[in-house]
Amino acid sequence: MIESPEARSREINLEHSWKSRLSCEFDLEYMKELRVFLVQQKKLGKKIYPPGDQIFNALNSTPFDMTKVVVLGQDPYHGFGQAHGLSFSVSRGTRIPPSLQNIFKELEMDLGFSPPEHGSLDPWASQGVLLLNSVLTVEHGKAGSHQGRGWEKFTDRIIELLNQEKHGIAFLLWGAYAQKKGEFINKDKHLVLQSAHPSPFSAHKGFLGGKYFSKTNEYLVNLGKDPINWQIS
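Residues numbered from 1 in each chain as written. Predicted model: local features only at pLDDT ≥ 70, side-chain atom pairs only at ≥ 80, totals over all residues. Heavy atoms only, no water.

Chemist: Is there a simple way to think about the overall build of the chain in this case?
Modeler: Helix and strand counts for the chain come out as 9 helices and 6 strands. Relative to its full complement of 233 residues, the chain shows a buried share of 53%. Considering only contacts in the chain between residues 6 or more positions apart, those separated by 24 or more positions represent 67%. Accessible surface for the chain amounts to roughly 11300 Å². Of this, 51% is attributable to carbon and sulfur atoms. (Helix = DSSP H or I, 4+ residues; strand = E, 2+ residues; numbered from the N terminus. Buried < 20%, exposed > 50% of the residue type's maximum accessible area, 1.4 Å probe, protein only. Contact = heavy atoms within 4.5 Å. Areas by Shrake-Rupley, 256 points an atom, 1.4 Å probe, with all protein chains shown as cover.)

Right under this line is the structure:
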């Protein structure tokens, strides 16, 4: 029996405001091929991160209608227990990665907030900060292993929808990869803050001292929107 697009759409665990805009993507050839690839990898015994029910965590945590800020990452952490579907974030109880340590360092420099003892950015996501990776899955121990498989097209579509349908989003593009991916964002409609990546290799070359958090809140307030409470407890 041939499965209908509607049936396939019902299988996708996506928050409704995103699902209404993205369900048709899953019927395109690139997403069908991506699904086949992921199924094959699992059959081969490969460990894929994040867990299947967390692949779309960024979208499920931050509905389209709530999105006020986008923090664009590259691909998930590839160590055990790290990735949980939010860019730069790690699950509670997991050691805080160096890039996230630098993000917290900048947060302290900018707003005086003490770094939290964990690396979960769920409190940001629940306030409208879309923590989106360009690629949503990765193989254990192999950084970038799922690049070029189709996720980039899918996440380009997410950014395109936000760019077109919304007004006044703050896009935080840290590093050359994120900046290239966000080249088409309309800077007349949105705030685009660009800098070096927060990794230890580049944080001191333009990331630290950028005041992204205070600049974002100033922008939101000027538009009559509630600022983000960046403090994580």
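Okay, back to it.
Chemist: Got a minute to help me understand the environment of L220 in this structure?
Modeler: Of note, L220 is situated in helix 9 (residues 212–222). Of the residues examined, L220 reaches a relative accessible area of 0% and is grouped as buried. Between the C-alpha atom of L220 and that of L191, which follows or precedes it by 29 residues, the distance is 9.5 Å. Ignoring any residue separated from it by four or fewer positions in sequence, one finds L220 in contact with K68, V69, G168, K225, D226, P227 and I228.

Chemist: What exactly am I supposed to notice about the pattern of salt bridges here?
Modeler: It is possible for side chains of opposite charge to pair when their charged atoms get near one another. Here the structure, examined in full by the defined rule, presents 6 salt bridges. Salt-bridge contacts for K46 lead to E139; the nearest nitrogen and oxygen are separated by 3.9 Å. Of the two residues, K46 is situated in the loop between helix 3 (29–43) and strand 1 (48–49) and E139 in strand 4 (residues 138–139); the sequence distance between them amounts to 93 residues. As a salt-bridge pair, K181 and D156 come within 2.6 Å of each other at their nearest N and O atoms. Of this pair, K181 sits in helix 8 (residues 176–181) while D156 sits in helix 7 (residues 151–165), and the two are 25 residues apart along the sequence. (Salt bridge = Lys/Arg side-chain N within 4 Å of Asp/Glu carboxyl O.)

Chemist: I tried to follow unusual backbone geometry on my own but got confused; where do I start?
Modeler: Working note: non-glycine residues mostly have negative phi, and peptide bonds are mostly trans. A cis amide bond, omega -10°, links Y49 with the succeeding residue P50. Position of P50 among the secondary structure elements: in the loop between strand 1 and helix 4 (57–61). Phi is positive for F88, close to 70°, though the residue is something other than glycine. Considering the arrangement of structural elements, one finds F88 in the loop between strand 2 (69–73) and helix 5 (98–111). Positive phi outside glycine occurs at K211, with the angle close to 55°.

Chemist: How should the packing of aromatic side chains be read in this particular structure?
Modeler: Given two aromatic rings, their pairing is described by the distance between the two centres and the angle made by the two planes. Counted under the stated rule, the structure contains 14 aromatic pairs. Between the aromatic rings of W18 and F64, the centroid separation amounts to 5.2 Å while the plane-to-plane angle is 85°, which identifies the pairing as edge-to-face. Of this pair, W18 sits in helix 2 (residues 16–22) while F64 sits in the loop between helix 4 and strand 2, and the two are 46 residues apart along the sequence. The same class applies to W18 as to F64, namely buried. A centroid spacing of 5.9 Å and a plane angle of 75° characterise the contact between F26 and F56, whose relative ring orientation is edge-to-face. With F26 in the loop between helix 2 and helix 3 and F56 in the loop between strand 1 and helix 4, the pair connects residues that are 30 residues apart, well separated along the chain. Here the two residues F26 and F56 agree in accessibility, since each one is buried. In textbook terms, an aromatic cluster arises when at least three aromatic residues are bridged by ring pairs, as seen for F88, W124, W174, F207, Y212, F213 and W230. Sitting over the face of the ring of F64, R21 holds its NZ or CZ atom 3.8 Å from the ring centroid. Lying across the ring of F64, K166 places its NZ or CZ 5.4 Å from the centre. (Phe/Tyr/Trp six-rings, centres within 6.5 Å; stacked < 30°, edge-to-face > 60°. Lys NZ or Arg CZ within 6 Å of the ring centre and 35° of its normal.)

These results come straight from atomic positions and should not be treated as a statement about function.
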